[in-house]
Amino acid sequence: MDKPVLLEVKDLKTYFYSGKHALKAVDSVSFSIREGEVFGLVGESGSGKSITCKSLIGLIHRPGRIAGGSIRYRGQELAGLSEKALTAVRGKEIGMIFQEPMVALNPVLRIGQQITESFKDPGLSGEEKHARAVELLRRVGIPNPEQRMREYPHQFSGGMRQRVVIAIALASNPKLLLADEPTTALDVTIQAQILQLLRELKDEYGMAMVLVTHNLGVAAQICDRIAVMYGGHIMELGPTRELFAHPQNPYTRSLLASLPVNKRKGEPLSAIPGTPPNLGEMPVGCPFAPRCARAQDVCFSQPPAEREVGPGHTCRCHFADGPCREEDDCGKPQ
Ligand SMILES: Nc1ncnc2c1ncn2[C@@H]1O[C@H](COP(=O)(O)OP(=O)(O)O)[C@@H](O)[C@H]1O
Ligand code: SF4
Ligand SMILES: [Mg+2]
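Residues numbered from 1 in each chain as written. Chains lettered and ligands numbered in written order. Predicted model: local features only at pLDDT ≥ 70, side-chain atom pairs only at ≥ 80, totals over all residues. Heavy atoms only, no water.

Q: Could you clarify how one ought to interpret the pairing of strand β3 (residues 38–42) in this entry?
A: Side chains on a regular strand alternate between the two faces of the sheet. Across the 5 residues that make up β3, a large majority, 5, are buried. Every second residue of β3 is oriented toward a common face, with Val-38, Gly-40 and Val-42 on one face and Phe-39 and Leu-41 on the other, all of them buried. When β3 meets strand β8 (residues 208–213), the two strands line up parallel, connected through 5 bridges. In the strand pairing of β8, Val-42 is matched with Thr-213. (Buried < 20%, exposed > 50% of the residue type's maximum accessible area, 1.4 Å probe, protein only. Helix = DSSP H or I, 4+ residues; strand = E, 2+ residues; numbered from the N terminus. Pairing = 2+ DSSP bridges.)

Rendered as structure tokens:
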């Protein structure tokens, strides 16, 4: 049986204002996440992944604001909540880790203090907090945790810092962890270790997770479902396996085509031709039209509506059916 829905985002719009002009960083985004589920937000840089994530926990500041839509966490509306109410949810129910661990760490406080301050249970004694912090550091894979509790962030390597940040996020036992490019700044081998750690922890803690990444390959390793974003929109959303087996949107197909595993030997690792859209001047029709090998006249005049194209699989594309074509170059059989 399906687990209960934890988070439901409907028609979210997050805009940045400059005079009368609105830059639509996130435009009519909808998705839901069930308890214990790992949900991926994938897309090129600037597609609105981080802003979607930050919107969920009220980290949007002027000139940006949530201009519309709803964010329901366990039935409670978060959009428009006061900063004080949001802080409570942020600290306790929803944890967050970012690409650059130093952003989340205080450089002048010892690691131990930063973890113990994150425990929300008022009944814990100092000793209990200390013991729990040591245990958490051990759990996230930090050797000699007793000793390292007394050290400062600069004494840790990038991978170890990210482990500390994960420990801090776990300290309040969140039900939802937002992980924004948590491995992007790390070496490839360390990336794999951190992903593996996150995978283990979400099972142990029964947490749901939003994983933001520009790398579809990374998302595939851990996500149950993936939403592909482009120009502030979700272009395609579906279960990971279904999305890889039957990608319907040309943009998703291009992302798949650029994965190393789908390249023939000697072929260059190509980025998608063209540049991401200028969000201040979005095309009238489909946001991907200027770069889409499949675009027809209708794509330049009408935005594609969201359509169901498979079980739990939706897509925005006027031509979201049928097999891949040669120009999609997605490495799949034609
Ligand atoms: N503080 C800001 N002020 C104005 N525009 C912003 C700001 N932060 C983000 N944006 C806009 O929102 C778009 C989406 O940003 P973001 O969600 O960070 O992209 P990404 O998918 O790389 O995480 C950016 O392309 C940028 O145009
Ligand atoms: S609607 Fe048209 S331009 Fe947009 S992805 Fe589909 S085929 Fe390409
Ligand atoms: Mg980002």
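Let us keep going from here.
Q: Explain the packing of helix α7 (residues 158–170) against helix α8 (residues 188–205) to me, please; I cannot follow it from the model alone.
A: If you want to describe how two helices pack, look at the angle between their axes and the distance between the axes. It is at 11 Å that the axes of α7 and α8 come closest, and there the two elements cross at 15°. The pairing of α7 with α8 is recorded here as roughly parallel in orientation. As α7 packs across α8, the resulting crossing turns out to be right-handed. In this structure, α7 contributes Gly-159, Gln-162, Arg-163, Ile-166 and Leu-170 to the contact, and α8 contributes Ile-190, Gln-193, Ile-194, Leu-197, Leu-198, Leu-201 and Tyr-205. Split by residue class, the contact of α7 with α8 holds 8 nonpolar, 3 polar and 1 charged. (Axes fitted to C-alpha atoms, helices over the stretch in contact; angles between N-to-C directions. Parallel < 35°, antiparallel > 145°, perpendicular 65-115°, else oblique. Left-handed = near helix turned anticlockwise from the far one by under 90°. Contact = heavy atoms within 4.5 Å. Nonpolar A, V, L, I, M, F, W, Y, C, P; charged D, E, K, R; others polar.)

Q: How should the site of ligand 2 be read in this particular structure?
A: Every residue lining ligand 2 is accounted for by Asn-249, Pro-250, Cys-286, Ala-289, Cys-292, Arg-294, Ala-295, Cys-299, Pro-304, Cys-317, His-318 and Phe-319. Partitioning the shell around ligand 2 into residue classes produces 9 nonpolar, 2 polar and 1 charged. (Near = heavy atom within 4 Å.)

Q: Please explain the site of ligand 1 as it appears in this structure.
A: Around ligand 1, the surrounding shell consists of Phe-16, Leu-23, Ala-25, Glu-44, Ser-45, Gly-46, Ser-47, Gly-48, Lys-49, Ser-50, Ile-51 and Leu-279. One of the backbone N or O atoms of Gly-46 is found 2.7 Å from an oxygen atom in ligand 1. Separating an oxygen atom of ligand 1 from a side-chain N or O atom of Lys-49 is a distance of 2.8 Å. Summarising the interface, the protein chains cover 63% of the accessible area of ligand 1, which totals 570 Å² for the free molecule. Counting only elements with at least two residues in the shell around ligand 1, the list comes to β2 (21–34) and α1 (49–56). Broken down by element, the residue count for the shell around ligand 1 peaks at 3 residues, all from α1. Residues belonging to the shell around ligand 1 are distributed by class as follows: 5 nonpolar, 5 polar and 2 charged. (Polar contact = N/O pair within 3.5 Å; in protein donor to acceptor, adjacent residues only side chain to side chain. Areas by Shrake-Rupley, 256 points an atom, 1.4 Å probe, with all protein chains shown as cover.)

Q: I tried to follow the state of the cysteines on my own but got confused; where do I start?
A: When the sulfur atoms of two cysteines share a covalent bond, that bond is a disulfide. As enumerated under the stated definition, the model contains 0 disulfides in all. There is no disulfide at Cys-53, and the cysteine sulfur nearest it, in Cys-223, is 12 Å away. Overall, Cys-53 belongs to the buried group, its relative accessible area being 0%. (Disulfide = S-S within 2.5 Å.)

Q: What should I look at first to understand the environment of Arg-139 in this one?
A: Turning to its location among the elements, Arg-139 is positioned in helix α5 (residues 126–139). Classification of Arg-139 as partly exposed rests on a relative accessible area of 24%. In this structure, the C-alpha to C-alpha distance between Arg-139 and Arg-161, residues 22 residues apart in sequence, is 14 Å. In this structure, Arg-139 is in contact with Leu-197, Glu-200, Leu-201 and Glu-204, ignoring residues within four places of it in sequence.

Q: Can you walk me through the layout of surface pockets in this structure?
A: Where empty space is left in the structure can be found by rolling a water-sized probe over the atoms. Approximately 470 Å³ is the volume found for the largest pocket. Along the lines of polarity and charge, the residues of the lining of the largest pocket split into 11 nonpolar, 5 polar and 3 charged. (1 Å grid on protein atoms, 1.4 Å probe; cavity = no way out; pocket = protein on both sides within 12 Å on 5 of 7 lines; lining within 4 Å. Points joined across faces, edges and corners; volume = space filled by probe spheres on them.)

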